[in-house]
Amino acid sequence: MSKDWKTRTTLVHEGSRRSQYGEMAEAIFLTQGFVYPTAEAAEARFVKLEGDEFIYARYGNPTTRMFEERIAALEGTEDAFATASGMAAVNGALASLLRAGDHVVSSKALFGSCLYILEEILTRYGVEVTFVDGADLDQWRAAMRPTTKAVFFESMSNPTLELVDIRAVADIAHAVGALVIVDNVFSTPIFSRAVDLGADVIVYSTTKHIDGQGRALGGVVCGTQEYIRKVLEPYMKHTGGSMSPFTSWIMLNGMATLDLRCRAMADSALQVAAALEGDARLSRVIHPALTSHPQYDLAMAQMGSGGTMVAFDIKGGKEAAFRFMNALEIIKISNNLGDAKSIATHPATTTHQRLPQDQKDALGITPGLIRLSVGLEDAGDLIADLKRALDAA
Ligand SMILES: Cc1ncc(COP(=O)(O)O)c(C=O)c1O
């Protein structure tokens, strides 16, 4: 069969494996383990798995394998490993690689739990971490050491939608032999060109756009076969962070519509951002596809899109922001993103509450900041909802 498939074909068919019944939909192999025909066969599988063999769902499962093959083909990596959540993926990608004495350089604009892993967990085991301003290439250059084993960053930061130049940081990292690990959640797998730009390991919370319907937690790490099977898999299978077969089935179904959903959501996000820009009740509107975004050119070169997120600052601080959120009718107050349902989040009091005030200030997480994940509703209805709620604020 030709594998010269375009994205949408890959998203529907790649990785499918059918049982002897020839089922149309991907089957859920809801089983913890597998029966061996003989004791010798069991012994042989524990020595080495051949082809389509499995031994225990913590190590791998046919449904999960379908999902891993599909996302690896989409991302353009040799392999992938699916995990129980996005945080299991971030932790696994870093902890499986690093040893005491190793050094990591990371952008400081990170999701709170990613920051916790770098600041609180890895340092406990003797890993040194230097935080830099992700957009400042001089800081990346200055932070590199001979012991730098990895760099880590969100390609588009949460919640202020700042981009890191993947190619430039990859060149700096590779010059000292460091691995480039990218949390690509906000960029989405559809607008990702991370591998072409030099990223070695790409991490997703599949809870976001890949499921896209708010049903299940999941994560995935994409990379070379050497990294996924020799570095990451031993860590994940022994520490228990694998994706469940049922979740893998949900993610497989999410993949089929991923391209259509991400493109529709990104189109609406730009319409929403353009409609909000210039509104006198807002002090700033952030979306990478607005020409006013300081990294507009980078966004177009790196993603060819502004993605599905918009952020804006309501004049009047927390009180006005809360009045605005409470007046929304279509858009829901929650903290996920990439969902079919549009979601408004107040980062300062929820996702980034843990950060001390000086860090919030440095990251631009102001009391009036709203993070909006634009869903699949009609863009005109969303704009009307936002304007109505701004009137109330
Ligand atoms: C950038 C980023 N990375 C990782 C995660 C963690 O994903 P999960 O909630 O699936 O563990 C999130 C969740 O919001 C995120 O925004």
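In the annotation of an unreviewed UniProt entry, the entry for the protein chain reads O-succinylhomoserine sulfhydrylase, and the organism field reads Gemmobacter lanyuensis. Of the comments in the UniProt record for the protein chain, the one headed Pathway (unreviewed entry) reads "Amino-acid biosynthesis; L-methionine biosynthesis via de novo pathway; L-homocysteine from O-succinyl-L-homoserine: step 1/1." Recorded in UniProt for the protein chain, the comment headed Cofactor (unreviewed entry) runs: "pyridoxal 5'-phosphate".

S.K.: For the nonpolar core, give the residues involved together with the corresponding values.
M.R.: If you look at the biggest cluster of nonpolar residues, it comprises 56 residues, and the most contacted ones within it are Phe-67, Ile-71, Trp-140, Val-151 and Phe-153. Two domains each provide a minimum of three residues to this core, namely domain 1 (7-255) and domain 2 (259-392). Among the nonpolar cores identified, the runner-up in size contains 31 residues, and Ala-88, Leu-94, Ile-117 and Val-203 belong to it.

S.K.: Before we move on, can you summarise the site of the ligand with the specific residues and values?
M.R.: Contacts to the ligand come from 14 residues, most closely from Gly-86, Asp-183, Ser-205, Thr-207 and Lys-208. In the model, an oxygen atom of the ligand is placed 2.9 Å from a nitrogen or oxygen of the Met-87 main chain. At a separation of 2.7 Å, an oxygen atom of the ligand approaches a polar side-chain atom of Ser-205. In isolation the ligand exposes 400 Å². Once the protein is present, 91% of that is buried. Along the lines of polarity and charge, the residues of the shell around the ligand split into 5 nonpolar, 6 polar and 3 charged.

S.K.: Describe the domain arrangement of the protein chain, and please don't skip the residues or the numbers.
M.R.: Taken as a whole, the protein chain is organised into domain 1 (7-255) and domain 2 (259-392). Relative to domain 2, the C-alpha centre of domain 1 lies at a distance of 27 Å. If you look at the interface, domain 1 gives 40 residues, while domain 2 gives 41 residues. There are 1 salt bridge connecting domain 1 and domain 2. Between Asp-259 and Arg-8 there is a salt bridge, with the nearest N and O atoms lying 2.8 Å from each other. Where domain 1 packs against domain 2, one counts 15 residue pairs in polar contact (both at pLDDT 80 or more). Only helix H1 (7-13) and helix H5 (112-121) provide two or more residues apiece to the side of domain 1 that touches domain 2. Here the side of domain 1 that touches domain 2 gets 4 residues from one element, more than from any other, and that element is H5. Looking at the side of domain 1 that touches domain 2, its residues break down into 19 nonpolar, 13 polar and 8 charged.

S.K.: Tell me what's going on with the environment of Arg-167, and back it up with residues and numbers.
M.R.: With respect to the element layout, Arg-167 can be found in helix H7 (residues 166-175). Residue class for Arg-167 comes out partly exposed when judged on its relative accessible area of 45%. For the pair Arg-167 and Gly-198, spaced 31 residues apart in the sequence, the C-alpha separation amounts to 5.7 Å. When sequence neighbours within four positions are dropped, the list of residues in contact with Arg-167 reads Asp-196 and Leu-197.

Definitions and limits used
- Residues numbered from 1 in each chain as written.
- Predicted model: local features only at pLDDT ≥ 70, side-chain atom pairs only at ≥ 80, totals over all residues.
- Heavy atoms only, no water.
- UniProt positions renumbered as here; feature names shortened; annotations may be inferred.
- Core = buried A, V, L, I, M, F, W, Y, C linked by side-chain atoms within 4.5 Å.
- Buried < 20%, exposed > 50% of the residue type's maximum accessible area, 1.4 Å probe, protein only.
- Domains from an automatic or database assignment.
- Near = heavy atom within 4 Å.
- Polar contact = N/O pair within 3.5 Å; in protein donor to acceptor, adjacent residues only side chain to side chain.
- Areas by Shrake-Rupley, 256 points an atom, 1.4 Å probe, with all protein chains shown as cover.
- Nonpolar A, V, L, I, M, F, W, Y, C, P; charged D, E, K, R; others polar.
- Contact = heavy atoms within 4.5 Å.
- Salt bridge = Lys/Arg side-chain N within 4 Å of Asp/Glu carboxyl O.
- Helix = DSSP H or I, 4+ residues; strand = E, 2+ residues; numbered from the N terminus.

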